[in-house]
Amino acid sequence: MRKFMLPALAATLLLFTGNAFAAEIRLCTGSATGVYYAAGESIKAFAGQSVPIRNVETDGTIDNLERVLDLAPTDPKACDAMIGQPDGPVYIARQSPAKVKKLRKIVDLHTEYLHVLCNKASGVDDLTDLAGNTKYTLDVGVAGSGAWLIWQNIIAEDSSYANVPPKNEGGMLALSSVAAGDTTCMLAPSGLRTGIVLEADNTFGDKVTLAAADDNDFVKATDAKGEKVYSFADIPKRTYGKSLQTGFFGGAVKTITWNAGVYVNTDRVDPAILPKLIREVSRAALQIKAEYSK
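A. Main features of the confidence of the model for the chain. Across the chain, the average pLDDT comes to 89, with 91% of residues at or above 70. Confidence drops under pLDDT 50 across residues 1-19; counting only partners more than four residues distant or on other chains, this segment forms 3 contacts.

This is the structure we're talking about:
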């Protein structure tokens, strides 16, 4: 019996010493109704049996980073890879530069935009109107959300925005508060024509306007390589043509933009599998970009 027990014992030792890799890659995504989860499903479909992937529903980029970097690999909530905003690693690096060194971005996905939705009666048509002004309020989403994360990076680059009283709601609750005038503006990071911004265009256009976000301080944040995380781009005219971008010119709106990405913990993904994963994710990215970048 001993000769049959030895291989099993060796496998167990490999597992606990970190030299064995899981049979499937656990990919942290986002809400089951969100774009990141849908992107994960596309990646899973392209990967097929070549690189088995299990998508994990999460609360977004910060939650993903905690599961990929902080939780033990044996924890049932842990992940080996994630989809997230590029400002997530930047935020984590400010607290622990060493932690993010094991994180590697393998592929860029679709382009996302910071949508700033403001109450029409407030007269605010640019996020810069809020800088240093305590009479306005801004909904930055719940702690750890994509909107909250962006706001932390904005504050880090220009402390005058830290004076704006924040609220921590999101989605329909935040939108209804802006429409009612109880909150001045809200942040809604997303791909084009998705989620709460599309809802605002379809339902709240008489009370809500799409504002710009063009302060040069917004694009100063850099990643570990010194490359800028954000850039400026226009939300194309008539993207929200029912009510938010109407009229002859269709109202192109300048804002900050970035690419969502797929990241892996290099300690958790088999180096022999990584090239296959990159290939399959790159193939899926073409479809994801086509669907969510325009």
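B. Quick peek at the packing of aromatic side chains. Using the criterion set out here, one finds 4 aromatic pairs in the structure. Judged by centre distance (5.9 Å) and plane angle (80°), the rings of W151 and Y161 are edge-to-face. Remark: Y161 occurs in the loop between α5 (146-157) and β6 (166-167) and W151 occurs in helix α5; sequence separation between them is 10 residues. Given a relative accessible area of 2%, W151 falls into the buried group. Under the relative-accessibility criterion, Y161 is labelled buried at 0%. Ring centres of Y230 and W258 lie 5.9 Å apart, and the angle between their planes is 75°; this geometry places the pair in the edge-to-face category. Residue Y230 is found in the loop between β8 (208-211) and β9 (231-235), and its partner W258 is found in strand β10 (residues 253-265); the two are separated by 28 residues along the sequence. Following the ring pairs from residue to residue traces out a cluster consisting of W151, Y161 and F218.

C. A look at helix α7 (residues 195-203). When α7 is considered as a whole, its buried residues turn out to be I196, V197, A200 and D201. Buried positions in α7, seen along its axis, are confined to an arc of 145° and lie on one side of it.

D. Inspection of the pattern of salt bridges at higher detail. Evaluation of the coordinates by the stated rule reveals 10 salt bridges. Across the pair K99 and D70 runs a salt bridge, and its minimum N-O distance is 3.0 Å. Of the two residues, K99 sits in the loop between α4 (87-95) and β4 (103-119) while D70 sits in helix α3 (residues 61-70), which places them 29 residues apart along the sequence. The exposure class of D70 is partly exposed, given its relative accessible area of 45%. E280 is paired through a salt bridge with R283; the nearest N and O atoms lie 2.5 Å apart. Here R283 and E280 lie together in helix α8 (residues 274-292), a separation of 3 residues that amounts to about one turn. E280 sits in the buried class, given a relative accessible area of 5%. One salt-bridge network, in which partners are shared between bridges, spans R279, E280 and R283.

E. Geometry of the state of the cysteines. With the rule as written, the count across this model stands at 2 disulfides. One disulfide bridge connects C28 with C79, the sulfur atoms lying 2.1 Å from each other. Residues C28 and C79 share a disulfide whose torsion about the S-S bond is about 80°; that sign makes it right-handed. Remark: C79 occurs in the loop between α3 and β3 (81-84) and C28 occurs in strand β1 (residues 25-28); sequence separation between them is 51 residues. Bridging C118 to C185, the disulfide has an S-S length of 2.1 Å. A torsion of 105° about the S-S bond marks the disulfide between C118 and C185 as right-handed. Of the two residues, C118 sits in strand β4 while C185 sits in strand β7 (residues 185-190), which places them 67 residues apart along the sequence. The exposure classification of C118 matches that of C185, with both residues buried.

F. Seen up close, the environment of T239. For T239, the position within the fold is in the loop between β9 and β10. Taking the relative accessible area as the measure of exposure, T239 reaches 9% and is therefore buried. For the pair T239 and D201, spaced 38 residues apart in sequence, the C-alpha separation works out to 9.6 Å. In contact with T239, other than residues within four places in its own chain, are L192, R193 and Q245.

Cut-offs and rules
- Residues numbered from 1 in each chain as written.
- Predicted model: local features only at pLDDT ≥ 70, side-chain atom pairs only at ≥ 80, totals over all residues.
- Heavy atoms only, no water.
- pLDDT = per-residue confidence, 0-100.
- Contact = heavy atoms within 4.5 Å.
- Phe/Tyr/Trp six-rings, centres within 6.5 Å; stacked < 30°, edge-to-face > 60°.
- Helix = DSSP H or I, 4+ residues; strand = E, 2+ residues; numbered from the N terminus.
- Buried < 20%, exposed > 50% of the residue type's maximum accessible area, 1.4 Å probe, protein only.
- Arc of directions from axis to C-beta.
- Salt bridge = Lys/Arg side-chain N within 4 Å of Asp/Glu carboxyl O.
- Disulfide = S-S within 2.5 Å.

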